[in-house]
Amino acid sequence: MYRQMIIDLKWYEFFAAASTGILRKSQSIANEHKDAYGLVFNPVEDVGWQVVSAASEMACSSALNRYYSHSVNTFSAADIGKNIEVKCQMHHKIDRNKNSNYLIMRENMNSDYYYILVLCHSLTRYEVLGYIKGADGKKQEWQTSVGNRPPFYKVPLSALTPIEVIQ
């Protein structure tokens, strides 16, 4: 089971992460990239998610006391180090589309990576929950789908290992 680890970004950390998110979105526009899973955001959500995603990576790096590279256009490379991917969601209390949180994994995700779930509470407050190795998150009983989108694995929070013990 996970233990709560709250990271409050300073204004300048948020500024750096937001700059990374905007650069990522700008590069995506320049290269005419589309969402790999067919999701279409409105422009505010689209840019907002880029900023929040980069900020969650920064918060996770801070929680792990590891370097955050602010990478852009690295796609399949890990977010932190050589094998850590950060997955961010809005906390279910502020996301009108969710009743609970869970880690989303997909079949094409690297089975050797560690996937860390980070919940966004506000622009500067993030909760780093825990992690699961890619191969362990792809259990048949967790597979589901929504609408006409591709199937995914809905990993429960109870399956996450506390972030303090990540290798």
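A. Layout of the pairing of strand β2 (residues 84-90). In terms of burial, β2 is a largely internal element, 5 of the 7 residues being buried. Across 7 bridges, β2 lies against strand β4 (residues 114-120) in parallel orientation. In the sheet register, E85 faces β4, and the bridge partner there is Y115.

B. Structural view of the nonpolar core. Grouped together as the largest cluster of nonpolar side chains are 28 residues, with contacts concentrated most on C60, L64, I116, Y126 and V128. Taken together, the elements giving at least two residues each to this core come down to α1 (11-30), α2 (43-64), β2, β4 and β5 (125-133). When sequence neighbours within four positions are dropped, the list of residues in contact with C60 reads I80, V86, I116, V118 and V128. Residues M109, L117, L119 and L129 belong to the second largest nonpolar core, which totals 15 residues.

C. Region of interest: the side chain of H91. Of note, H91 is situated in the loop between β2 and β3 (103-105). In contact with H91, not counting residues within four places along its chain, are N101, L119, C120, H121 and E127.

D. Inspection of the environment of H92 at higher detail. Mapped onto the elements, H92 comes out in the loop between β2 and β3. Apart from residues lying up to four places away in sequence, H92 is in contact with K98, N99, S100 and N101.

E. Just the sheet that holds β3, in detail. Reading across from one edge, β3-β7-β6 is the order of the 3 strands in this open sheet, with antiparallel pairing throughout. What marks the edges here is a single partner per strand, and that holds for β3 and β6 (143-144). As paired elements, β6 and strand β7 (residues 152-155) share 2 bridges and run antiparallel to each other. Directly across from Q143, in β7, lies its bridge partner Y153.

F. Spatial organisation of the packing of aromatic side chains. Under the definition given, this model contains 3 aromatic pairs. On the numbers, 5.8 Å between centres and 85° between planes, the contact of W11 with Y12 is edge-to-face. Since its relative accessible area comes to 65%, W11 is described here as exposed. Taking relative accessible area as the criterion, Y12 reaches 46% and is therefore assigned partly exposed. With a centroid separation of 5.4 Å and 80° between ring planes, the pair formed by Y114 and Y131 is classed as edge-to-face. On the criterion of sequence distance, the pair formed by Y114 in strand β4 and Y131 in strand β5 is long-range, its members being 17 residues apart. Like Y131, Y114 is buried.

About the cut-offs
Counting from 1, residues in each chain are numbered in the order their sequence is written. The model is predicted, so local features are restricted to residues of pLDDT at least 70 and side-chain atom pairs to those at 80 or more, both for listing and for counting; the totals for chains, interfaces and linings are taken over all residues. Side-chain metrics rest on all non-hydrogen atoms present in the structure, leaving aside hydrogens and water. To sort residues, take the accessible area from a 1.4 Å probe on protein chains only and compare it with the maximum for the residue type: under 20% means buried, over 50% means exposed, and anything in between is partly exposed. Working definition: helices are DSSP H or I runs of at least four residues, strands are E runs of at least two. Numbering for both runs from the N terminus. When DSSP finds two or more bridges between two strands, those strands count as paired. Residues enter a nonpolar core if they are buried and are Ala, Val, Leu, Ile, Met, Phe, Trp, Tyr or Cys, with the set joined through side-chain atoms within 4.5 Å. Contacts are assigned to residue pairs with any non-hydrogen atoms lying within 4.5 Å of each other. Between rings of Phe, Tyr and Trp, where Trp is taken as its six-membered ring, a pair exists when centres lie within 6.5 Å; planes separated by under 30 degrees are stacked, by over 60 edge-to-face, and by other angles tilted.

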